[in-house]
Protein chains: 2
Amino acid sequence: MPPFDVPEGDPFGPHNLPYGVFSPPGSTRPAERRVGVRLGDHVLDAGGAAMALGSPYASLLAHPSLNPLLAAGRTAWSDVRRALTAWVTVPAHQEAIAPFLHPLSSVTLHLPFEVADYVDFYASEHHARNVGQIFRPDAADSLTPNWKHLPIGYHGRAGTVVVSDTDVVRPSGQRKAPADAAPVFGPSVRLDIEAEVGFVVGLPSRQGTPVALGDFRDHVFGLCLLNDWSARDIQAWEYVPLGPFLGKSFATSVSAWITPLDALEDARVAPPERTHELLPYLDDSQDEPGGYDLRISVALNGQVISEPPFSGMYWTAAQQLAHMTVNGASLRTGDLYASGTVSGPELSQRGSLLELTWNGRDPLELPDGKRAFLEDGDVVTLSGWAPGPDGVRVGLGEVRGRIVGG
Amino acid sequence: MPPFDVPEGDPFGPHNLPYGVFSPPGSTRPAERRVGVRLGDHVLDAGGAAMALGSPYASLLAHPSLNPLLAAGRTAWSDVRRALTAWVTVPAHQEAIAPFLHPLSSVTLHLPFEVADYVDFYASEHHARNVGQIFRPDAADSLTPNWKHLPIGYHGRAGTVVVSDTDVVRPSGQRKAPADAAPVFGPSVRLDIEAEVGFVVGLPSRQGTPVALGDFRDHVFGLCLLNDWSARDIQAWEYVPLGPFLGKSFATSVSAWITPLDALEDARVAPPERTHELLPYLDDSQDEPGGYDLRISVALNGQVISEPPFSGMYWTAAQQLAHMTVNGASLRTGDLYASGTVSGPELSQRGSLLELTWNGRDPLELPDGKRAFLEDGDVVTLSGWAPGPDGVRVGLGEVRGRIVGG
């Protein structure tokens, strides 16, 4: 048997060890929340274990948030991960660790870090081309002229980032069909998902000083699946000229588990070939592979509707970080930036209902009826994995959300 | 003599009492920062005074940030203001208060609150029309079709909001002239100001629950002048389709002094007549006046270049708050939202160099030469005032920033 009864090949085995924040059974006070590490279908109380073992990392782990660990930087991240790996794999530790393992089903999971700024990118060429064809059918090129020169992004609302399993209230707002004389107000009738990957910044940077491409792994701690819920009707009416606002700001769901980049070494891949020469601050042609081979699955009420491949994203997370800071904008611990909708070249790989149904023209046929956009009661689940060591999968934490009437 | 030696008619007399955070003389540790209230050319250590007087409000004031006071809500805001007014006007308190008054010139001022989310609106019709004419000269209407139906806004970067007197490093980034085949990279050559007013949220709201127009004063604590520095060349190349990003995110300067809304009762005015019927959640035609008569002055290297009037803003701060939350987006203590550039109908009332020089076509003639956009070493100062009781002005805290080479 593998260590601590995790079945062989479990995607949440000791090769993974994603971080979260949980309340132990029976605890309700926010101050009693603690950093947990997922091991199979259990959660290790990492701070409690560190204290019991007299570990020097207790000061980073015994907190109700990941922020102190995030702020500690790359050397500390590697050291802590090495220590955790030993605790859950070396038989001599088993007795000391056992009291700090809780069944996943017995704990409550929380937003694992304090979100500082939230930025959303637009890094999938397939997604950008689909959106361009749907919304600007007469344009000569489905991509805007800047798309291949810089990773387009914008700031979203950090205060409405919620953890998986938080219900999402259908937003109300203004919408206006082209033929209407004036906008009408009401609950969104074109509520959508966006299957994305979010990157979590640990080490901050100084205002006025850009972060270079090659410093990505010094600043970014890990990643998680992310659903950037979108009200397409609200967005379409509001977004010219200053971009999406209320069509996005009502909720963004993230997984309870942040996978450290150190667990994803075997998933690194080269991004797609660049069709345009890049300015030096974005040119990664001589760098180590900047892409990640993450396989995402989107389920609607339990039925898989799409399997977007992250490996095909045109812009990498390292390029996004370099771009986001090239003007001197500083990073803070807890900054979250997301990839934008992950869509592959195939119909079955599109990461939004907008694309899957071609703006509602081709509704999905589901066991409980047709779907152009989300209905109240719908449950959307993003899950995923990455190739790990020796052919074992590295599981990504799920992001689940249920739509409730507004 | 008026109380505590503040000259009669001083715009920072006891009728004003804006809040800030300062380090007392000789103090450098962040934990020693404290809430201060400006009185003439002095700062009252409000937490220290509250403790010395045995005030129940010490728990809201004895902090290195305004956040606890902000979170306390409207009744507490009024109660604390009443207490402070008594401390600085009732002669019996003078002896107890005196040790807590520091000359403004002897203290260091800090960012007065922890910025949660930062949103920037676009609420001046004159500004929006100028920008439309400059950037979309062929459009039939200089306003986009949505402009009169909703207050257009977008999220900015909260982590780069800085206090007045923080130097601003000239940002670098991509720019591309229409005739160029590809973008070039370098320091912005079209660095601009935006003279704005920022509103500071105190009381939070629940996700999923909109904040009604009439609840504005329960949630918003006060306002301050704000300079939303903008790199026009970076912005022009990046902003389609998702809005401004790096052209704005390098820095936003705010005053060190937050003026409570309670100090601005005499400045309330009706907004301009609405030319379009508004949806009910934005319809303020039956409400108390939602505008504020703030007179702003923009100086470049000491020379006044513009005097934008805030009273002419089409959308009010209450409408912006109602719009920002109508989709269920929650508010957090410390949320900051700004008006967008304040421009009046006259050339001398435009709040950006973009408008003042008509995108550089008509440079300003200054004592030290012509200016189309900002040069390194330039110092921009926003100042302002509002009508107060008995004809006395309510001074707004200055926002000053110097451009340094990138």
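Rules used throughout
Residues numbered from 1 in each chain as written. Chains lettered and ligands numbered in written order. Predicted model: local features only at pLDDT ≥ 70, side-chain atom pairs only at ≥ 80, totals over all residues. Heavy atoms only, no water. UniProt positions renumbered as here; feature names shortened; annotations may be inferred. Helix = DSSP H or I, 4+ residues; strand = E, 2+ residues; numbered from the N terminus. Buried < 20%, exposed > 50% of the residue type's maximum accessible area, 1.4 Å probe, protein only. 1 Å grid on protein atoms, 1.4 Å probe; cavity = no way out; pocket = protein on both sides within 12 Å on 5 of 7 lines; lining within 4 Å. Points joined across faces, edges and corners; volume = space filled by probe spheres on them. Nonpolar A, V, L, I, M, F, W, Y, C, P; charged D, E, K, R; others polar. Pairing = 2+ DSSP bridges. Axes fitted to C-alpha atoms, helices over the stretch in contact; angles between N-to-C directions. Contact = heavy atoms within 4.5 Å. Phe/Tyr/Trp six-rings, centres within 6.5 Å; stacked < 30°, edge-to-face > 60°. Lys NZ or Arg CZ within 6 Å of the ring centre and 35° of its normal.

Per an unreviewed UniProt entry, chain A goes by fumarylacetoacetase and derives from Streptomyces spinosisporus. Quoted verbatim from the Pathway (unreviewed entry) field of the UniProt record, the comment on chain A reads "Amino-acid degradation; L-phenylalanine degradation; acetoacetate and fumarate from L-phenylalanine: step 6/6."

Quick look at unusual backbone geometry
Residues and elements named next belong to chain A. Residue V240 is joined to P241 through a cis peptide bond whose omega torsion reads 5 degrees. Position of P241 relative to the elements: it lies in the loop between α8 (232-238) and β16 (252-254). Located in the positive-phi region is L17, a residue other than glycine, with phi close to 55 degrees. Note that L17 resides in the segment before β1 (19-23).

Let's talk about the environment of A:V240
Residues and elements named next belong to chain A. Locating V240 in the fold gives a position in the loop between α8 and β16. Its relative accessible area of 41% is what places V240 among the partly exposed residues. Along the backbone, V240 and V119 are 121 residues apart, and their C-alpha atoms lie at a distance of 19 Å.

A word on empty space enclosed by the protein
According to the stated counting rule, one finds 12 cavities of 30 Å³ or more in the structure shown. As a volume, the largest cavity reaches approximately 220 Å³. Contributing to the lining of the largest cavity are 21 residues, with A:L242, B:Y122, B:V131, B:R232 and B:Q235 lying nearest its centre. Among the elements of the structure, β6 (118-121), α6 (125-135) and α8 (232-238) of chain B are those that each provide at least two residues to the lining of the largest cavity. When its residues are assigned to classes, the lining of the largest cavity shows 11 nonpolar, 4 polar and 6 charged.

As for the sheet that holds strand β25 (residues 379-387) of chain A
Sheet architecture is open: 5 strands sit in the order β9-β26-β25-β20-β21 (chain A), paired in mixed fashion. Looking at which strands have only one partner, the edges of the open sheet turn out to be β9 (168-169) and β21 (303-306) of chain A.

Side note on the sheet that holds strand β1 (residues 19-23) of chain B
All names here are of chain B. The strand order across the open sheet built from 5 strands is β4-β3-β2-β1-β5, with neighbouring strands paired in antiparallel fashion. The open sheet has two edge strands with one neighbour each: β4 (101-103) and β5 (108-110). Averaged over neighbouring strand pairs, the angle between their axes works out to 45 degrees when direction is ignored. Relative to strand β3 (residues 42-45), strand β2 (residues 34-39) is paired through 4 bridges, and the arrangement is antiparallel. Looking at β3, one finds that G36 is bridged to D45. On the sheet, helix α4 (residues 74-89) packs against β1, β2 and β3 and is oriented at approximately 65 degrees with respect to β1.

Quick look at the packing of aromatic side chains
On inspection of all chains with the given rule, the structure shows 21 aromatic pairs over all chains. Centroid distance B:Y314 to B:W315: 5.4 Å. Interplanar angle 75 degrees. Geometry classified as edge-to-face. Across the pair, exposure class does not vary: B:Y314 and B:W315 are buried alike. Positioned over the ring face of A:F12 is A:R38, at 3.6 Å from the centre of the ring.

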